[in-house]
Amino acid sequence: VIVLIVLLIVNISCDVLANAIISCNPEAFHAMAAKKIKGAKRSVFFCRNATKLSSIFADVIGDICGIVSGAAGTALIVHFAMTGSVYEIVVSIGVSAVIGALTVGGKAIFKHFAIKYNKRIVFGFAKFTTFFKKEK
């Protein structure tokens, strides 16, 4: 269950990040980059490569998390079926419905959040990535 929740959170977070990057305008970060604020150059890079990054986050990582969360749901269904539950079909449909609803619903709910706070999200992610690779 914990693995399933983590996969759903990663899936929704990557979708939020993809929507924020694709809707963000790089002009907001040019002044910050001129002032040499940490993460600003990377934010400009993210905005300039928005289609590639959005494709990676939303399509690649999101789809992988969706497939693996479905497999984790199947593992939960098999666990319930092994216990000898009478309601195996109901449980399997219920688990699949909950996983689908959380994935689609979470993406729909947070899409507005991603577009409204796109600059904050992109800049926060850029600052986060500077911990792993320093800016030039």
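Data block above holds the structure.
All figures in this text were calculated on a predicted structure; none of them were measured in a lab.

> Is there a simple way to think about the nonpolar core in this case?
One broad trend across soluble globular proteins is that nonpolar side chains are buried collectively. Formed by 21 residues in total, the largest nonpolar core has its most connected members in I21, F29, F57, I121 and V122. Elements with a contribution of two residues or more to this core: α1 (2-23), α3 (40-48), α4 (50-82) and α6 (118-129). Counting residues per element, this core draws most heavily on α1, at seven residues. In this structure V122 touches A20, I21, C24, F29, S43, F46 and C47, once residues within four positions along its chain are discounted. Grouped together as the second largest cluster of nonpolar side chains are seven residues, L4, A72, L76 and V95 included.

> Would you explain the packing of aromatic side chains in this entry?
The way to describe two aromatic rings as a pair is by their centre distance and the angle between their planes. One pass over the full model with this rule turns up eight aromatic pairs. A centroid spacing of 6.2 Å and a plane angle of 55° characterise the contact between F45 and F46, whose relative ring orientation is tilted. Looking at F45, the relative accessible area reads 48%, which means it is partly exposed. Taking relative accessible area as the criterion, F46 reaches 6% and is therefore assigned buried. Within the aromatic cluster, the residues linked to one another by ring pairs are F45, F46, F57, F125, F128 and F132.

> Before we go on, may I ask you to explain the packing of helix α2 (residues 27-34) against α6 in this structure?
A pair of packed helices is captured by two measures, namely the crossing angle of their axes and the spacing between those axes. Look at α2 against α6: their axes get within 11 Å of each other, and the N-to-C directions meet at 45°. Classed by the angle they form, the pair α2 and α6 counts as oblique. Read as a crossing pair, α2 and α6 show a hand that is right-handed. Together, A28, F29 and M32 of α2 and K119, V122 and F123 of α6 make up the contact between the two elements. Here the contact of α2 with α6 is composed, by residue class, of five nonpolar, no polar and one charged.

What counts and what doesn't
- As a convention, each chain's residues are numbered from 1 in the sequence order in which they are written.
- For this predicted model, a pLDDT threshold of at least 70 governs which residues receive local features, and a threshold of 80 or more governs which side-chain atom pairs are given and counted, while totals over whole chains, interfaces and linings are taken from all residues.
- Note: side-chain values were computed over all heavy atoms of the structure, leaving out hydrogens and water.
- To qualify as a nonpolar core, a set must consist of buried Ala, Val, Leu, Ile, Met, Phe, Trp, Tyr and Cys residues joined through side-chain atoms within 4.5 Å.
- Buried, partly exposed and exposed residues are distinguished by accessible area as a fraction of the type maximum, computed with a 1.4 Å probe on protein chains only: under 20%, between the cut-offs, and over 50%, respectively.
- Only DSSP runs of H or I reaching four residues or more are called helices, and only runs of E reaching two or more are called strands; each is numbered from the N terminus.
- The contact criterion used is simple: two residues touch if any of their non-hydrogen atoms lie within 4.5 Å.
- In summary, the pairing rule links any two rings of Phe, Tyr or Trp, Trp by its six-membered ring, whose centres are within 6.5 Å, and it sorts them by plane angle into stacked for under 30 degrees, edge-to-face for over 60 and tilted for everything else.
- Angles run from 0 to 180 degrees between N-to-C directions of axes, and those axes are lines fitted to C-alpha atoms, restricted for helices to the stretch in contact.
- Roughly parallel covers angles under 35 degrees, roughly antiparallel covers those over 145, roughly perpendicular covers 65 to 115, and oblique covers all other angles.
- A crossing counts as left-handed when the near helix is turned anticlockwise from the far one by less than a right angle, and as right-handed when that turn is clockwise.
- Residues are sorted three ways: Asp, Glu, Lys and Arg are charged, Ala, Val, Leu, Ile, Met, Phe, Trp, Tyr, Cys and Pro are nonpolar, and all the rest, Gly among them, are polar.

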